[in-house]
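Coordinates in review
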Amino acid sequence: MLLDNSNYSESGVIKVSCDVKNTGNIAGAEVVQVYVGKSKSKVERVVKELKGFDKLFLKPGESKSITIKIPVDKLKYYDESISDWSLEKGNYLIYLGNASDNIIEKAKFKVQ
């Protein structure tokens, strides 16, 4: 997994890239999923929230590179105290896998 940056502004876009290879002998498909988590959040949040995904179809032995884009403003939560959406600055974790319970890689990034 490769993040295009480690620091993002509210108007930024997180670009997560990875390579997927079919190691089998028959054609198949894989869904690559990207989750984001915020520890020490001001509000209660789930550990991993699905923010992007892409489905790939691969022939036997074929490899493909994909990039999943996540606008930083999609990390906002609804703040009841101001009756509006709010973006929490600070450190986040990004997770890459094919299911929430099958994470292959993770990385840190910061929203400034």
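So, a few notes on the structure that sits alongside this text. (Residues numbered from 1 in each chain as written. Predicted model: local features only at pLDDT ≥ 70, side-chain atom pairs only at ≥ 80, totals over all residues. Heavy atoms only, no water.)

**Here we look at the environment of methionine 1**
For clarity, the cut-off: Secondary structure counts use DSSP, requiring at least four H or I residues in a row for a helix and at least two E residues in a row for a strand, with both numbered from the N terminus. Relative accessible area decides the class of each residue, using a 1.4 Å probe on protein chains only: under 20% of the type maximum gives buried, over 50% gives exposed, and in between gives partly exposed. Contacts are residue-level and defined by heavy atoms, with any inter-residue pair within 4.5 Å sufficient.
Inspection of the secondary structure puts methionine 1 in the segment before β1 (2-3). What makes methionine 1 partly exposed here is its relative accessible area of 24%. Residues methionine 1 and isoleucine 94, 93 residues apart in the sequence, show an inter-C-alpha distance of 10.0 Å. Once you skip the residues sitting within four places of it in the chain, methionine 1 turns out to touch Val16, Ser17, Cys18, Ile94, Leu96, Glu105, Lys106 and Ala107.

**Concerning empty space enclosed by the protein**
The cut-off we apply is this: Of the grid points, spaced at 1 Å and generated over the protein atoms alone, those admitting a 1.4 Å probe that cannot get out make up cavities, while open sets with protein on both sides within 12 Å along at least five of seven lines make up pockets; any residue with an atom within 4 Å of a point is treated as lining. Grid points are joined across faces, edges and corners, and a volume is the space filled by probe spheres set on the points. Only Asp, Glu, Lys and Arg are considered charged, only Ala, Val, Leu, Ile, Met, Phe, Trp, Tyr, Cys and Pro nonpolar, and every remaining residue, Gly among them, polar.
Enumeration over the complete set of coordinates arrives at 1 cavity of 30 Å³ or more. Quantified by volume, the largest cavity comes out at close to 40 Å³. As for the largest cavity, its lining consists of Val36, Gly37, Lys38, Arg45, Val46, Glu49, Lys51, Leu75 and Tyr92. For the lining of the largest cavity, the per-class residue count stands at 4 nonpolar, 1 polar and 4 charged.

**Considering the pairing of strand β4 (residues 28-37)**
Walk down a regular strand and you will see the side chains alternate between the two sheet faces. Here is the rule: We call two strands paired when DSSP finds no fewer than two bridges between them.
Judged from the 9 bridges that link them, β4 and strand β5 (residues 49-58) form a sheet pairing that is antiparallel. Within β5, the position partnered with valine 34 by the bridge is glycine 52. Pairing of β4 with strand β9 (residues 90-99), which is carried by 5 bridges, proceeds in the antiparallel orientation. Across the sheet, the residue bridging to valine 36 is isoleucine 94, located in β9.

**Here we look at the pattern of salt bridges**
Between side chains of opposite charge, pairing is possible as soon as their charged atoms come close. Our working rule: Any carboxyl oxygen of Asp or Glu that lies within 4 Å of a side-chain nitrogen of Lys or Arg is treated as forming a salt bridge with it.
Considering all chains together, one arrives at 3 salt bridges under this definition. Linking arginine 45 and glutamate 88 is a salt bridge whose minimum nitrogen-to-oxygen distance equals 3.2 Å. Taken together, the residues span a long stretch of sequence, with arginine 45 in the loop between β4 and β5 and glutamate 88 in the loop between β8 (84-86) and β9 at a distance of 43 residues. Between glutamate 49 and lysine 51 there is a salt bridge, and its shortest N-O distance comes to 3.3 Å.

**Some points on the layout of surface pockets**
Each pocket or cavity is described by its volume, and for the largest pocket that value is around 150 Å³. Around the largest pocket sit Cys18, Asp19, Val20, Lys21, Glu30, Val32, Leu96, Gly97, Asn98, Ile104 and Glu105, which together line it. Contributions of two or more residues to the lining of the largest pocket are made by β3 (13-21), β4, β9 and β10 (102-111). With 4 residues, the single largest contributor to the lining of the largest pocket is β3. Across the lining of the largest pocket, the residue classes tally to 5 nonpolar, 2 polar and 4 charged.

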